[in-house]
Structure formats: C-alpha cells, structure tokens
Amino acid sequence: MSYPGYPPNNQGFPGQPGVQQPGSQLPYPPYPGGNVGQQGFPMPSAYPPGQPSYPQQSPYPPQVGQYPPQPSGQFLPQSGPYTSNLPMYPSSAVGGQYPSTVPGQYPSSTNPGQYPPQASPYPNAQLTSSYVPQSAAYPTQSAYPPTQQTSSVYPNMTAGGYDGGSQGLPQAAYPPISTPAHYQPLSSSPAQKKSNPTLRPANPFDPRRDAEILRKAMKGFGTDEKSIIQVLAHRVNTQRQEIAVQFKTMYGKDLISDLKSEVSGKFKDLIVGLMTPTFDFLAKEIHNAIDGIGTNEETIIEIICTASNAEINNIKMAYHKLFGKDLEKELMGETSGSFRRLLVSLCQGQRNENTFVDVASAQADAQKLLQAGELQFGTDESTFNMILCSRSFCQLQQIFLEYHRLTGRDFEDVIKSEFSGDIENGLKAIVKSVRDKSAYFAKRLHESMAGFGTNDSALIRIVATRCEIDMVDIKNAYMSMYGKSLETDVAVRIIFYFLYVLGTLYSQGVQSLNFIIIFNLIIFLNP
C-alpha cells in the first residue's frame, strides 16, 4: 500500500538502494544516472526537488577570507580554519536546484551508488599559520618600555613573550659568566689541581741494585752518607718500599733498622720518615702528638683538617694496624668540647668531594652561618661544624664568596671573632686549605723555622709527605709570601741552630750538613 507523496513500499527513500516492486508506478520520471536498480531521480536529501534548500548550520564560526557566498537557493559557505582557494568542484548553473557538488561534501562518484576515494577529508588549502599572530603574550608593564626589547637569560625572548609565536621553543643557554654566582665548575679549585711534585719515580729503577748500594754504604767501618742520600733522595716512597723488601730478601735484615744504627740526629729522623710508608708515618705522627703528657694539637690539626676522605681512611687503618686502637676514640679521649666534635666529624671521611658548586645552596649556607654567628648572641658552633666538615672544597669557596657579599667580611676574620683556642685553629686550617693548601703548608714551614730553634718534626713531616704531591707549589707560595726561597731559610736556620746550641761537636755538624743536603735535594729535585 502506498500514499501520495511517499515512495512505494520496499522501495526505500531516495538516495538509498531499494527493490523495484512489480506493477508499482514511480512518482518521478526516469532519469539516467540513478542508483542501481532504481529508475527515479537520485535525491541526495529528503526534501523534494524544486523546493528551496534549507541552510546548514555550520559548526564553526564564520571567518574572514573563506569561501565566497553562493547564489541564492544554495548551501551557505562552510566556515573553517582555512583560507579560500580556487573552487575544487563546479556549482550548478540552474538556479534553485541543488549544485552538482556542495563545497565540503563528497563529489559525485563515477561508479553509481559508491563514494569516490579521498586523499584527504579536507579541501586543499594553504595553511598560513597554526595560530593567529600575536603582538604580545602579556600586557606591557611599566618596568619595560613597549617599544624596546628587554634582555633575558634565554635567547629569542622579548618583553612580549616569544617572537610572534613563529619560532620554536628557546634553547636553554646560560649567559656569559661574569660573576661567581653561577652554577659552574671552579677551575682553580683544589680538587681539580694537578699534582706538582718535586720528587717523581725514578726511571729506570732497579730495587736489587739499590739494595746492594745501600748495603755497601753501611758495611764496614764508617758510613757512606753520600751514597745513601743519592739513592733515597731520588726514589719515591713506593720505590723505597720495594728496595726495603729486596734488602730483607737478599740480606735478611731490616733496612730501616740498619739505617737507624748508621746515622743520627735530624738526618736519621728524615731518613726514617722517607723510608716509612706515608700513611704509617702520619699515623705515627698523630700517635706521638697524643702520647704522653699533653697533646700537640697543631700536629693533629695539620694532618686531620687538611686530609681528603681517602687520606683520612688510610690513616685510620694504619693507626689501627700499628697500635691496635681506633683513631677516633683516641682523639676523643685527648680532646674536648667543640674541637673534639670537629675532629670526630672529620674522622668520618664523608666530606662531599664534588667539583661543581650549587649557588643556591651556597647562598643558603651563607645565611645559616650569618645567623649562627654575627646575628645572634653567642655562636652556634654546630652550624659551622656541619657546613665546614661536610661541604666540598669547591662548594666552600662559593660559600665564602656569598658570605662576603652579605656582610663584606672575610670568612677567616669571622672565625677569629667567633671562636678561640683549638677550635679556632682547626676551622682556620680548613678555611686556608680550601683557599690554597700550598699557602697553608708554606706558612707551616715558615712557622716551624721562626724564632729561636726549629720545629724539626713539622719540617720533616711536611717535606717527607708533600714532596710527591705539591712541593713545587709550596715553594712558589713561600717565595710569594716571604720574599725569599725556602732552601735559603732551611739552610740558614738549621746551621744557625746547630752552631749556637750544639756548639762545635763535629759529628752533629756533619749530620746537620747531611740533613741540609738531603732536605734541599728533595725540595728542589725536578723543580
């Protein structure tokens, strides 16, 4: 059954495939090009032909520069984010009818009843820009003139934001370093300095041959000190240990014991210091400083406050090996107060040894030190202890700079005004080592020879242990600080001391001369 104005049953709506019923009459005349199996006019919509088409509601707001308006009775132009282009499909020439192709829709297929293939769901259009160009990302502020670009730490950045939005993200780049307040490695930091010794490994080196020379020098009546000096003053500590092993293997005797029996005085002390493994020697020096009545805090400060983590751990192991005791407990029993806490912290060997600085952290630490010292009544020693014993030498350099910026005072002067006694000397030793360890040891050498007499142990200890590390730098610092060479002061001080105190004893004079010879050889060998 059918009704006027509606298609017959089983025929389907226009535009859909249907089945032709026998005997049914079509309401429309045949038209070539209709759908397969259908002889009626193909209708792309549900509205009858000849009636004005209804406008389509566009999902996007209209924009300037899009499709031109079509004649009356056709679809409104479809808006979108694309600029106008030449029409891709021709419009219908008959007014009031549907165009053969509606812009933005699928074109008519060459195969009836199918959609044509599409390369893209959008018409070909040139994309001028993803975004509308912006004149300014933010409103102009009074601190920056609108006509003048302001400098920024990042490239391609102006006061109005990024340049028009047309460039990519800026690359992170720091400005040229003009002040120390930047995250940067400190090339002059002590942790990055290369070793600059005066004594280097002998090459070629034959420990058996050297053992034979030393045996011959000590055999028979008298001692050939010249041969002993020639061998020991030109070998580094590890090579001397190999000579000692070969000496015991070949002759069944201990080399250090034989040397002690052949020489005396300062010359013997220096020879024994050179023949002893470095960390064993330093452990013995600490033991001598705390053994007996009283404590030599200067020796403890010189060794502990200037040592690296590895050096402290090696000294602790050597101390336990030689004396069967824990170094930390020994120091706790011989010291007290803030100085004891300082030594206990350093004995942990847990200082940060990174070579980079964190400026923000340095500024925060400088504020903490200021509040713990100058800005309060009394001094919070724990804050100074925590920062000076845990921060790396490079970081401490930056902290001292930030403190000077805040207060205008040198940090060493702050230590003098806030502390006294052994804790003052210990903290000052750390500060001096951070700034220039070579200058610290140059001052220690000068103090060992200052006044009446000579501090023999400090003089021998520094020469024996620093000659393979930085003795060249110590010599240069000594000349810069005191205007004279180190070897001149050593020779003059020792000769004067022996001539004045020990009189005319020939043997002591000979030993003093040998001491001066080997001392100067070690200091000025391979300058």
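Residues numbered from 1 in each chain as written. Predicted model: local features only at pLDDT ≥ 70, side-chain atom pairs only at ≥ 80, totals over all residues. Heavy atoms only, no water.

The chain is annotated in an unreviewed UniProt entry as Annexin from Melanaphis sacchari. Quoted verbatim from the Sequence similarities (unreviewed entry) field of the UniProt record, the comment on the chain reads "Belongs to the annexin family." (UniProt positions renumbered as here; feature names shortened; annotations may be inferred.)

A.B. asks: Go over the packing of aromatic side chains, please, and point to the residues and values.
C.D. replies: In the structure shown here, the tally under the stated rule is eight aromatic pairs. Arranged with centres 5.1 Å apart and planes meeting at 80°, the rings of F384 and F419 form a pair that is edge-to-face. Of this pair, F384 sits in helix α12 (residues 381-390) while F419 sits in the loop between α14 (411-418) and α15 (421-448); the two residues are 35 residues apart in sequence, bridging distant segments of the chain. The pair F384 / F419 is uniform in exposure class, with both members buried. The interplanar angle of 85° and the centroid separation of 5.4 Å between the aromatic rings of Y403 and F411 together place this pair among those described as edge-to-face. Comparing Y403 with F411, the two get one shared label, buried. Each member of the aromatic cluster is reached from another via a ring pair, and the members are F384, F400, Y403, F411 and F419. (Phe/Tyr/Trp six-rings, centres within 6.5 Å; stacked < 30°, edge-to-face > 60°. Helix = DSSP H or I, 4+ residues; strand = E, 2+ residues; numbered from the N terminus. Buried < 20%, exposed > 50% of the residue type's maximum accessible area, 1.4 Å probe, protein only.)

A.B. asks: Would you mind going over the pattern of salt bridges in detail, with residue names and values included?
C.D. replies: Two side chains of opposite charge can pair, provided their charged atoms sit close to one another. Applying the stated criterion across every chain yields a total of 18 salt bridges. Across the salt bridge formed by R435 and D410, the nearest N and O atoms sit 2.9 Å from each other. Within this pair, whereas R435 is found in helix α15, its partner D410 is found in the loop between α13 (393-407) and α14, the two being separated by 25 residues in sequence. With a relative accessible area of 35%, R435 lands in the partly exposed category. With a closest N to O distance of 3.6 Å, D489 and K484 form a salt bridge. Overall, K484 belongs to the partly exposed group, its relative accessible area being 34%. Overlapping salt bridges, with partners in common, bring together E285, E298, E302, R444, E447 and R461 in one network. (Salt bridge = Lys/Arg side-chain N within 4 Å of Asp/Glu carboxyl O.)

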